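# Secondary and tertiary structure notes
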Amino acid sequence: MICIGLEGTAEKTGVGIVDSEGNILALQGRALLPDKGGIHPREAAEHHAENLVPLIKKSLEEANLKPEDLDMVAFARGPGLGPALRTVATAARSLALSLDVPIVGVNHCIGHIEIGRLTTGCQDPLTLYVSGGNTQVTAFDSGRYQIFGETLDIAIGNCLDQFARTVGLGHPGGPRVEELALASDNYLKLPYTVKGMDLSFSGLLTAAIRKYESGAALEDVCYSLQETTFAMLVEVTERALAHSKKSEVLLVGGVAANQRLREMLEVMTQEHYADFFMPEMKYCGDNGAMNAWLGLLMYRHAKNLNMADTHVIQRYRTDQVDVPWMEKSAR
Ligand code: ATP
Ligand code: FE2
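Reading guide: rules and limits
Residues numbered from 1 in each chain as written. Chains lettered and ligands numbered in written order. Predicted model: local features only at pLDDT ≥ 70, side-chain atom pairs only at ≥ 80, totals over all residues. Heavy atoms only, no water. Helix = DSSP H or I, 4+ residues; strand = E, 2+ residues; numbered from the N terminus. Rg over C-alpha atoms; globule rule 2.2 N^0.38 Å. Buried < 20%, exposed > 50% of the residue type's maximum accessible area, 1.4 Å probe, protein only. Contact = heavy atoms within 4.5 Å. Areas by Shrake-Rupley, 256 points an atom, 1.4 Å probe, with all protein chains shown as cover. Lys, Arg positive; Asp, Glu negative; His and termini not counted. Charge placed at Lys NZ, Arg CZ, Asp CG, Glu CD. Near = heavy atom within 4 Å. Polar contact = N/O pair within 3.5 Å; in protein donor to acceptor, adjacent residues only side chain to side chain. Nonpolar A, V, L, I, M, F, W, Y, C, P; charged D, E, K, R; others polar. Pairing = 2+ DSSP bridges. Axes fitted to C-alpha atoms, helices over the stretch in contact; angles between N-to-C directions.

### A word on the overall build of the protein
When helices and strands are counted, the protein shows eleven helices and twelve strands. Computed over the C-alpha atoms, the radius of gyration of the protein is 20 Å, within 12% of the 20 Å expected from 2.2 N^0.38 for a compact globule of 331 residues. Judged by the C-alpha coordinates and their principal axes, the protein covers about 60 × 45 × 30 Å. A total of 331 residues make up the protein; the buried ones form 55% of that total. In the protein, the share of contacts with a sequence separation of at least 24, taken over all contacts with a separation of at least 6, comes to 76%. Counting only carbon and sulfur atoms, one obtains 48% of the accessible surface of the protein, whose full area is about 14200 Å². Each charge sign in the protein was given a centre, from 30 positive and 41 negative side chains, and these centres are 4 Å apart.

Right, dumping it as structure tokens:
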């Protein structure tokens, strides 16, 4: 069975084609990069509307397939930006109708976990998912990916992006902050906010901006921002690892590009005699292949899956979805 997956929960339009053995036959994507300011949901939707058809064509070319070779369509129902989700859902429905094939709507966060398992070979990981829109620590338990910890306000990537934008570094901020942080080892105290198992970044963001505005060197603030936020992420991941007793840690999402975060997480993982996994960057950020693969898993295991049920869910939580395929993998 060959599945085409569409992705457009935020500003990246992605299309991927995957077969039932987990071979990734095509991977195409295009990100919306605004000159300044953040991402407007309507602009993201327009970006998807413009790019989906060309990316679908390119994916078919890459996989050397014809539209009739596709056996199903998958897309992310959420979580994400409403107008963006609706545009992609409409495209997915039209494609499935015109090809007369089944359609499956998937959860974006679970897509990240599943493409991570597929491409790294880890089995039953504790996952840290860090991106512009999400910050979540999850692990399989009792039939679902349970959320062990998450952000109470903004995501880590958004925190880095907002900081970078405010101090004039442009968008996306994560890579610029990482670069500048390398030039410092002068730690300035910033509020460390872990509440129970959850994280909060907005007060810390304001404090970092104030530090810069009151004259601190930008390199020092970037360094301190990374050290503080990453220590918070590693602490919550470490406690979830101890609690869940998993033996694998999987890092996914766009912020996984950060070398310092990887290093800190790897050290913690080794201290717990667990194995550390991270997909190649092209599978770490948002992409269409993750939805295609998750769609295939869901379709294969679906008993009561209603194929007509393709409405979008803006606040679609990871723990809302049954994951029957994990019953066998989990140790
Ligand atoms: P999602 O829809 O899953 O929330 P997204 O739209 O944020 O995803 P991603 O590509 O997963 O897209 O992540 C982009 C985020 O990753 C941005 O916030 C960006 O600043 C951050 N990022 C990219 N490279 C780095 C880096 N080297 N260090 C830290 N953050 C980074
Ligand atoms: Fe994502």
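### Observations concerning the site of ligand 1
In the vicinity of ligand 1 there are 25 residues, among which Tyr 129, Ser 131, Gly 132, Gly 133 and Asp 161 approach most closely. Tyr 129 is positioned with one of its side-chain polar atoms (N or O) 2.4 Å from an oxygen atom of ligand 1. At 3.3 Å, a side-chain N or O of Asn 134 approaches an oxygen atom of ligand 1. Summarising the interface, the protein chains cover 87% of the accessible area of ligand 1, which totals 640 Å² for the free molecule. For the shell around ligand 1, the secondary structure elements donating two or more residues are α3 (108–120), α4 (156–166) and α5 (173–181). Ranked by the residues each element gives to the shell around ligand 1, the list is headed by α5, at four residues. Residue composition of the shell around ligand 1, by class: seven nonpolar, 14 polar and four charged.

### Describing the environment of Leu 251
By secondary structure assignment, the location of Leu 251 is in strand β11 (residues 248–252). Overall, Leu 251 belongs to the buried group, its relative accessible area being 0%. Sequence separation between Leu 251 and Thr 151 is 100 residues; the distance between their C-alpha atoms is 16 Å. Residue contacts for Leu 251: discarding those within four places in its chain leaves Leu 128, Val 130, Ala 256, Leu 261, Arg 262, Leu 265, Phe 276, Phe 277, Met 278, Pro 279 and Cys 284.

### Quick word on the sheet that holds strand β7 (residues 135–141)
Read from one edge of the open sheet, five strands run β8-β7-β6-β11-β12, paired in mixed fashion. One side of each edge strand has no neighbouring strand; the edge strands of this open sheet are β8 (144–150) and β12 (275–277). Sheet twist, expressed as the average angle between the axes of neighbouring strands with direction ignored, equals 25°. Bridging between strand β6 (residues 126–130) and β11 involves four bridges; their strand directions are parallel.

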